[in-house]
Amino acid sequence: MTTPSVDAHVRLDTHPTHPSAVTATLTGAQAHIPHVGLEAAGWHVATTNILVLARIDHEEPYWAEQAAQRLATLGITIEITPQLREAIDEEWTWANYPMPWCTRTEIRKVSDDAQKIHDDIRHGRLLIHAHAQDAHTTVAVGTYLDTGKSVYLHGENHLRQIANSFDSPARALTAFEDMHADTMRPGPAPMTDTERDTADARTSPGTPTTEPEPPSTGAGTAPADAPGPGAHEALFASFIEDNGEWENYRTWSDDTSVANHETLTLRAAFDHEARGHDTAWTIASYQSPVGERTWHATATANTPTDMIKTLLDGLDTDTAWTERTSAPLTERTLTTVTGPLTELGWTQTINGHHINWPAPNGETGLRLDVAAAIGATTARSGPTWTLWGGNTAEQPNWTVEFSRHTPAAVLQDLTYNLALTHSARRTHPSKTPRQRHEVLRTVALTAPSAGPPAGRSARR
């Protein structure tokens, strides 16, 4: 049985400026087929038709050949340049490798495990809480967000390993502090030279292009209130400069900056590479430096900078600190959050388990997910409050989303901002206390009759 031919050609070559990295140039009417396969295998999209494989273990030629063999079985034409073929066939070993008893295959397995840890951190699947210096290497502690398992990491680059695991971040951080209190620092460690070179290879395509990537807004054009290039970068820099109690910690990747509050209970992460509807900002609050997360918020890259600034400025308000473990939804919370809107004539609408407060001009609004607010099982992972702008609430140009225990004071600052900028005139009377009670009545009718299943606590 012959393999059907695919109209796609993949040319694999060594990277022009990074010795071990490999580039893949895709052509053909069905180039999207190898594109998907390579991206799923860890290749990074550098330009429209070029992908880069850059690894911290310098094993790119080996893994490029593995990718070539898989694509060839699909009927895709593969070309490997002579210089890459030479690199594939080259026999080499690590100098002064600390595990000399390992075979070449075993060394590659250790390196690949380290690469997976590196990728999990880079893609946000493994959140690093703290790092420290242990003799001549770096150690760290973090938590896998999908499983909740916390791990103790030892080593750097291709030698990083999981040395221990814990069933909660609190236990992991406590053990880590006991061992490394003298050198412990919050957040991930600075990038190593190898990590920096690898990151640089991913952003240096084999064939540079001057064609700009069109903005992704869902409507074909950038929203009217979309921030200009570099606006969020400047906002993050000014926030650090103007707030001495916050410190910017350099991470393993130039793509992300992390600001930690001096109490180690608030963190603001900014993704420099986020565009359009990608999450650019992530705010998280914790009960204590080693405690559980109490609430979090995310904002897309298209969010106006004045909304982000309002959010950042609201993190240090007294009410924001004192209400960090408040109930998710009470009449007081509802009145506090929606008061600035209703006072300027914004009226509520109910659509299923969503309660909406759209602006009179229809350009923005506030949405409450009742199911998420009461902790319904099917909505625990979704946002409780969403501020949106542009287009519609279902397909907005930008969003700022909050979990159910977000302090009302933080939300009120943002709704006040919305009310001032999107209420040209008062077109409706303010919401009466009776109307606010109707919202809570909706919540009560939607709430499940029983609490969370036995053995499980309600998630924040």
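Here's a quick rundown of the structure. The shown structure was predicted, so the numbers you read here are calculated from the model rather than taken from an experiment.

## Concerning the sheet that holds strand S7 (residues 137–144)
Strand pairing in a sheet relies on backbone hydrogen bonds. The paired strands run either parallel or antiparallel.
Okay, so step 1: Sheet architecture is open: 5 strands sit in the order S9-S8-S7-S6-S10, paired in antiparallel fashion. The open sheet has two edge strands with one neighbour each: strand S9 (161–166) and strand S10 (185–186).
Okay, so step 2: Looking at chain direction, strand S6 (residues 126–134) and S10 are connected through 2 bridges and run antiparallel. Note that in S10 the partner of His131 across the bridge is Arg185.
Okay, so step 3: Strands in contact with helix H4 (residues 104–122) are S6, S7, strand S8 (150–154) and S9; relative to S6, the strand with the most contacts, it is inclined by about 120 degrees.

## Here we look at the nonpolar core
Okay, so step 1: If you look at the biggest cluster of nonpolar residues, it comprises 45 residues, and the most contacted ones within it are Trp281, Leu312, Trp385, Leu387 and Phe402.
Okay, so step 2: Top contributing element to this core by residue count: helix H12 (residues 408–421), with 6 residues.
Okay, so step 3: Not counting residues up to four positions away in its chain, the partners in contact with Leu387 are Met307, Gly365, Leu366, Trp398, Thr399, Val400, Phe402, Leu411, Leu414, Thr415 and Leu418.
Okay, so step 4: If you look at the next biggest cluster of nonpolar residues, it comprises 19 residues, including Val22, Ala24, Leu26 and Ala67.

## Looking at the layout of surface pockets
Okay, so step 1: By volume, the second largest pocket is sized at about 260 Å³.
Okay, so step 2: For the second largest pocket, the lining is made up of 14 residues, of which Glu59, Ala87, Ile88, Glu90 and Trp92 are closest to its centre.
Okay, so step 3: Of all elements in the fold, only helix H2 (60–72), helix H3 (82–89) and H4 reach the threshold of two or more residues within the lining of the second largest pocket.
Okay, so step 4: With 3 residues, the single largest contributor to the lining of the second largest pocket is H2.
Okay, so step 5: Looking at the lining of the second largest pocket residue by residue, the class counts come to 6 nonpolar, 2 polar and 6 charged.

## What about the environment of Leu12?
Okay, so step 1: Mapping Leu12 onto the fold places it in strand S1 (residues 9–14).
Okay, so step 2: Residue classification places Leu12 among the buried residues on the basis of a relative accessible area of 2%.
Okay, so step 3: For Leu12 and Ile78, which are 66 residues apart along the polypeptide, the C-alpha to C-alpha distance reads 7.6 Å.
Okay, so step 4: Excluding residues that lie within four positions of it along the chain, Leu12 makes contacts with Thr23, Ala24, Trp43, Ala64, Ala68, Ile78, Glu79, Ile80, Thr81 and Leu84.

## As for the pattern of salt bridges
Okay, so step 1: If you walk through the whole model with that rule in mind, you get 17 salt bridges.
Okay, so step 2: The shortest N-O distance in the salt bridge between Arg11 and Asp13 comes to 3.5 Å.
Okay, so step 3: Taking relative accessible area as the criterion, Arg11 reaches 33% and is therefore assigned partly exposed.
Okay, so step 4: Several salt bridges share partner residues, and in doing so they unite Arg55, Asp57, Asp112 and Lys116 into one network.

## A look at the pairing of strand S13 (residues 266–271)
Okay, so step 1: Across the 6 residues of S13, 5 count as buried, placing the element largely inside the fold.
Okay, so step 2: Bridge count between strand S12 (residues 256–261) and S13: 5 bridges; the pairing is antiparallel. Its bridge partner being in S13, Asn260 is matched across the sheet by Arg267.
Okay, so step 3: Adjacent in sequence and paired antiparallel, S12 and S13 are bridged by 4 residues, among which Leu264 carries a positive phi angle near 65 degrees.
Okay, so step 4: For S13 and strand S14 (residues 279–286), the ladder comprises 5 bridges, and the chain directions are antiparallel. Of the residues in S14, the one forming a bridge with Arg267 is Ala284.

## Let's talk about the environment of Arg367
Okay, so step 1: Here Arg367 lies in strand S18 (residues 364–369).
Okay, so step 2: Residues Arg367 and His354, spaced 13 residues apart in sequence, show a C-alpha to C-alpha distance of 6.6 Å.
Okay, so step 3: The contacts of Arg367, once residues within four sequence positions are left out, are His354, Ile355, Asn356, Thr384, Trp385, Thr386, Ala393 and Glu394.

## Looking at the packing of aromatic side chains
Okay, so step 1: With the rule as written, the count across this model stands at 6 aromatic pairs.
Okay, so step 2: Both rings, one in Phe236 and one in Phe270, keep their centres 5.9 Å apart while their planes meet at 25 degrees; by these two values the pair is stacked. Note that Phe236 is positioned in helix H7 (residues 231–242) and Phe270 in strand S13, a separation of 34 residues in sequence. Across this residue pair, the class does not change: Phe236 and Phe270 are buried.
Okay, so step 3: Arranged with centres 6.0 Å apart and planes meeting at 45 degrees, the rings of Phe236 and Trp281 form a pair that is tilted. Taken together, the residues span a long stretch of sequence, with Phe236 in helix H7 and Trp281 in strand S14 at a distance of 45 residues.
Okay, so step 4: Residue class for Phe236 comes out buried when judged on its relative accessible area of 5%.
Okay, so step 5: According to the relative accessible area criterion, Trp281 is buried, its value standing at 1%.
Okay, so step 6: Site record: aromatic cluster; members linked through ring pairs are Phe236, Phe270 and Trp281.

What counts and how
Residues numbered from 1 in each chain as written. Predicted model: local features only at pLDDT ≥ 70, side-chain atom pairs only at ≥ 80, totals over all residues. Heavy atoms only, no water. Pairing = 2+ DSSP bridges. Helix = DSSP H or I, 4+ residues; strand = E, 2+ residues; numbered from the N terminus. Contact = heavy atoms within 4.5 Å. Axes fitted to C-alpha atoms, helices over the stretch in contact; angles between N-to-C directions. Core = buried A, V, L, I, M, F, W, Y, C linked by side-chain atoms within 4.5 Å. Buried < 20%, exposed > 50% of the residue type's maximum accessible area, 1.4 Å probe, protein only. 1 Å grid on protein atoms, 1.4 Å probe; cavity = no way out; pocket = protein on both sides within 12 Å on 5 of 7 lines; lining within 4 Å. Points joined across faces, edges and corners; volume = space filled by probe spheres on them. Nonpolar A, V, L, I, M, F, W, Y, C, P; charged D, E, K, R; others polar. Salt bridge = Lys/Arg side-chain N within 4 Å of Asp/Glu carboxyl O. Phe/Tyr/Trp six-rings, centres within 6.5 Å; stacked < 30°, edge-to-face > 60°.

By themselves, these observations are geometric and do not establish any function.
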